[in-house]
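# A closer look at the structure
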Amino acid sequence: MKVPYKWLCEYVNIDKNINEAADALTISGSKVEEVIEFGKEIDRVVTGKIIKTEKHPDADKLTICKVDVKDEVIQIVTGASNIKEGDIVPVALHGSSLPGGVKIKKGKLRGVESNGMLCSEVELGIADENSVHGIMILKEDTPIGEDIKKILGLEGGIIDFEITSNRADCFSVYGIAREAAATFDKELKKIETSFNETDDSIDNYLSVEVKSSLCRRYAARMIKDVKIGPSPEWMQEKLRQCDIRPINNIVDITNYVMLELGQPMHAFDYRYVKGKKIIVRTAQDDEKFKTLDGVERNLNSSMLVIADGERPIGIAGVMGGENSEIKEDTTAVIFECANFDGTNVRLTSKKLGLRTDASSKYEKDIDPNLIDIALNRACHLVELLGAGKVAKGVIDIYENRVEPYTLKVSPEWINKFLGIEIEKEEMRKILKNLEMKVYGDDVFEIEVPTFRQDVKIKEDVAEEIIRIYGYDKIPVKKIIGETVEAQWTLEQTLIKKVKNVMVSCGLYEAMTYSFISPKVFSLINLPENHELRNTVNILNPLGEDFSVMKTTGIPSLLECLKRNYKRDNKEVKLFEISKVYIPSGNQLPNEYDKLIIGMYGKVDFFDLKGVIENLLNVLGIDKAEFEREENSSIFHPGRTAKLLVRKKNAGILGEIHPNVAENYEIEDRVYVAEIDLKTLFDAAKNEKRYKPLPKFPAVSRDIAMLLDENISVSDIEKAILREGKELIESVKLFDVYKGKQIPEGLRSLAFSLTFRAEDRTLKDEEVNKVHESIINRLKEKFNAQLR
Amino acid sequence: MEQQLKNIKAEAIEEIRKAKDSLKLDEARVKFLGKKGALTSILRSMGGLSPQERPIIGKLANEVREDIERALEEALKEVKEKEKAARLSLESIDITMPGRNSEIGNLHPITKVLDEIKEIFFGMGFSIAEGPEVELDYYNFEALNIPKNHPARDEQDTFYISDSVVLRTQTSPVQIRTMENIKPPIRIIAPGRVYRSDAVDATHSPTFHQIEGLVVDKGITMANLYGTLDTFAKKFFGEKTRTRFRPHHFPFTEPSAEMDISCHVCDGKGCRVCKGSGWIEILGSGMVHPDVLRKGGIDPEVYSGFAFGMGLERIVMKKFEIDDIRLFYENDIRFLKQF
């Protein structure tokens, strides 16, 4: 909300420059968004008196002036012709600046020294090119040597405040003035509201009926003998500074009062108020109504309208109607000054897509008691401007009067709660400056004025006191009391471990949105009836792309890989710990943490599997198996594995099906895993136990053999381990060969076996015996041919 | 014979001196000391000497052999040194060539900064609490003094799942859930994702992260709020950081305050990052509203508390001077590698 600084100072003598005032008001709770300074670019321009003029010896059009600027008399050469000795003018001194970044320096004009410049209104930026000519001549009694900004009232500007929703009372110049008075401990001046009434009573012209409780109060005044014309310049200037276009004196008065006091008003042309009556009622469904802006609106029964005997003439709290607007020949006016339910105004304004200055004030729920001063102020201004005559009496329908609220709080509690020591009398003064009445001593009984409906409990009072006393005066204190021991939960610790493993494996962490498009399920080839298509849906999404919560993290990570691929990033390895949201049948879905890995570049399935193996290893999971997975439509049928942890499905890893890669426009093999972290964590062993280092040497034996290529390495390994009994320590694949010299359908596998006994050095015979039985077992079971 | 031995010695020393490498030295050894070498054959012919001559010549011959052996040994040592030096110079490599390393990945900048913040609060005795992202309207709004039709609901454009379920617009619902579950003293932070229906642009994202904080105990004051957040600001932004608290309004705290920190780029002088003000707004905070404490099952006449909330992306952007929030969710590897 914009507040012209000069206007603010009419009610409270702030005695600070605009920036200092803005800072102080911010600190006391009226947050300043922006300060727009008028004379910001003017510097070192002072008033000076021309004490002597003479013609320039070498130039007809130039005049040499001796100018008294109080501290000295300086010589300035000017080309202006409208000056004479004795004139007081604005003087830009050496080193001064003017609007538009103009800098004034000493110099010589046609050989004569000139130590500054006499300024015109145009040069000072206070008038445009065509409106004035020549140097600005100031009033005769203007003191000399004064800063021109002070003389011309250019010191001010406009302060733009952010008004929070709880402070409807601050939504006006006078409201901010009240804050300023408390902030600077200055007196708040009263608003002039006196006026005279004619003998003719309003009751002869109008009756008002309120049919809805959404209207809390409705007051009206009749203005007769209206003479429509422009409002005075001082009023127009203030309106313009607050971004309101001046229209005519009557309309300007209603807007002026709204800006000044925060109470919206409306003026109806009495000619068009049919049946001498105003009825406040809800609209009928589908009732049509043309607002002041010429737009036809479709109303419904949730909206409140102001109607005359026949039809609506205004939408309550939002905008008046075209049918009753003030015209040049208007002679009688009804001033409406009313209070409507804030929520209803807000919803109506939202439904109509019509937010006005009035609605934005009403929606914050303003004080119904504000009407008294506002309506009187409007009448005072009518008289002041000679815009008409105020008829006798006021129609005021106000059933449930809002009364001041009283609450009790002890100054001692306030100090304890804030952790500060403020004197009782200081508190009393602050509250009084905020127009609260304070009774009592050890316990304050505080009467809160009705415009402060936000002050209801003792904590509110504490805030009022401390914000004016100064938030900056609260000391900085460490928390004392019982020590609280911070600890990571097991899950938090494990998540950290997972991330560490991923990073050590060369993966980069990604973060994607939680919502996806339902279309991505087709992109990853998910069958129509797949359970992952059962999603948590957003009723009001930003668009289809963000409309359902993910049930799998794979599509989002593929999207990242696609983006990287398109940008020509050659090697990309990403991971994400992402939540999935699975409908549960209860109000809230289940949220599970998934680890998603995605990579392309110089990688294959075994790089991905290696990452998973490292992870299992770090988490201490030993009962894990990889099982061939041929039936996932997302993945390559021959290059995919299911991860089983303690026989439970813990996720999937493999090469993305070429169709899916195509859908994501990646012409490279893409490897992806999705692992359920809870299943891993349930099996994670956090306690490691020391196992003594072996005391006796190991014996190694290698086996190389030809096998049917469909026999899996893990089956061979299992068989070797089983047959090797307690003597075999480990088995490790070290070579796989297919091709030349190997018959079709077979492959050569070579394993390195390590044998060891815990209690003795193994003898060759012992090892040979076990080795032999392993070979026999492999021959028997897998038809292995030794090489 | 004596002369012969002297000649052999002279000849051998000369040849050893001339030998340039270990091969030549070996040749010399064979030539003079070998089985068919010059000295050996002389020793063999000693049988023809008189008994008087034999010990003299024998002694001399031994001396000659020792001299030659010593000379050989010394020469060999020298040659080996030279050869080693030569090899070392041949083996010189270009150490400016790149190292061979397995690539280490990286955490997302948001995670990195969040971890840093977690550690700071952890050190002050705060544990980490969590709550669901798909949340009941009750926890997200009602219990936080934001009833239906409250204007604050418009300020936080909400994604709805149903009438009573929303995507949480703030991490504050974790406050209530925490109070329902643990009794004071409570000291937690609750980082997490939140959602607002803001269209995507350089400064708006429909998903972002917040960190909520909650402290509840007997005798907690606003001064404690200041103390905690001031300590956090100094630890995170640097010891020289100054903090400033301004009154503000949040429905679930009373009194409420926003905290600014002195701009870390210009140290409060005013620059592009702080838009000339010297201050950067970092977080919202306040004393927990008694109604909110009651909703959490805590008696406000016995306990008091403070709460705070900050936007993580904003802090990360300020810290690294990142100007576009979308970069966080694009996951371009060239971006992720920078942190």
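Residues numbered from 1 in each chain as written. Chains lettered and ligands numbered in written order. Predicted model: local features only at pLDDT ≥ 70, side-chain atom pairs only at ≥ 80, totals over all residues. Heavy atoms only, no water.

### A word on the overall build of chain A
This is how the line gets drawn: Each helix is a run of DSSP H or I of at least 4 residues and each strand a run of E of at least 2, with the numbering of both proceeding from the N terminus. For the radius of gyration, the atoms used are the C-alpha atoms, and the globule rule reads 2.2 Å times the number of residues raised to 0.38. Type-normalised accessible area, obtained with a 1.4 Å probe on protein chains alone, sets the label of each residue: buried when under 20%, exposed when over 50%, and partly exposed for intermediate values. In this description, accessible areas are obtained by the Shrake-Rupley approach with a 1.4 Å probe, and a residue is regarded as covered only by the protein chains that are shown. In this tally, Asp and Glu contribute negative charge and Lys and Arg positive charge; neither His nor the terminal groups of the chain are included. Taken as the charge centre is NZ of Lys, CZ of Arg, CG of Asp or CD of Glu, depending on the residue.
Looking only at helices and strands, chain A has 20 helices and 40 strands in total. Rg of the C-alpha trace for chain A: 42 Å, well past the compact-globule value of 28 Å for 787 residues, more than 25% over. Classification of the 787 residues of chain A by burial places 52% in the buried group. Accessible surface for chain A amounts to roughly 38,100 Å². Of this, 46% is attributable to carbon and sulfur atoms. Where the 115 positive side-chain charges of chain A centre and where its 132 negative ones centre are 4 Å apart.

### Considering the packing of aromatic side chains
One pair of aromatic rings is described through two measures. These are the centre distance and the angle between the planes. Under the convention used in this document: For Phe, Tyr and Trp, where Trp contributes only its six-membered ring, two rings pair if their centres lie within 6.5 Å, and the inter-plane angle classes them as stacked under 30 degrees, edge-to-face over 60, or tilted in between.
Following the criterion strictly, the structure yields 27 aromatic pairs over all chains and no others. Ring plane angle 25° and centroid distance 4.9 Å describe the contact between Trp7 of chain A and Tyr256 of chain A, whose orientation is recorded as stacked. You can see Trp7 of chain A sitting in helix α1 (residues 5-11) and its partner Tyr256 of chain A sitting in helix α6 (residues 249-261), a full 249 residues away along the chain. Exposure remark for Trp7 of chain A: the relative accessible area of 1% places this residue in the buried category. On the basis of relative accessible area, Tyr256 of chain A is assigned to the buried category, the value being 1%. Geometrically, the ring pair formed by Phe121 of chain B and Phe308 of chain B is stacked, given 5.3 Å between the ring centres and 20° between the ring planes. Of this pair, Phe121 of chain B sits in helix α5 (residues 109-123) while Phe308 of chain B sits in strand β10 (residues 304-311); the two residues are 187 residues apart in sequence, bridging distant segments of the chain.

### Looking at the nonpolar core
We apply this condition: To form a nonpolar core, buried Ala, Val, Leu, Ile, Met, Phe, Trp, Tyr and Cys residues must be joined to one another through side-chain atoms within 4.5 Å.
Ranked by size, the top nonpolar core spans 142 residues in total, and within it Leu558 and Leu574 of chain A carry the most contacts. Per element, the largest residue contribution to this core is nine residues, and it comes from helix α9 (residues 222-237) of chain B. Counting residues in each nonpolar core, the second largest holds 57 residues, with Ala177, Val226, Met235 and Leu259 of chain A among its members.

### Considerations on the domain arrangement of chain B
Accessible area lost on assembly of the parts is the figure often given for the size of an interface. Condition: For the domain bounds, the source is a domain assignment made automatically or taken from a database.
Assigned domains of chain B: these are domain 1 (2-90) and domain 2 (109-336). Spacing between the C-alpha centres of domain 1 of chain B and domain 2 of chain B amounts to 91 Å.

### Quick notes on the pairing of strand β36 (residues 670-676) of chain A
All names here are of chain A. What counts here: Between any two strands, at least two bridges found by DSSP are needed for them to pair.
The buried fraction of β36 amounts to seven of the seven residues, a majority that puts the element mostly inside the structure. Burial along β36 is two-sided: Val670, Val672, Glu674 and Asp676 facing one way and Tyr671, Ala673 and Ile675 facing the other are all buried. Summarising the sheet, strand β32 (residues 590-600) and β36 pair through seven bridges and their orientation is antiparallel. Residue pairing across strands places Leu595 opposite Ile675, the latter belonging to β36. For strand β35 (residues 648-656) and β36, the ladder comprises five bridges, and the chain directions are antiparallel. The partner of Glu655 across the bridge, within β36, is Tyr671.

### Here we look at the pairing of strand β37 (residues 699-708) of chain A
Residue and element names in this part refer to chain A. With ten bridges connecting them, β37 and strand β39 (residues 746-755) associate as antiparallel partners. Residue pairing in the sheet places Asp702 in a bridge with Ser752 of β39. By the bridge criterion, two bridges tie β37 to strand β40 (residues 785-786) in an arrangement that is antiparallel. Bridge pairing links Leu706 to Gln785 in β40.

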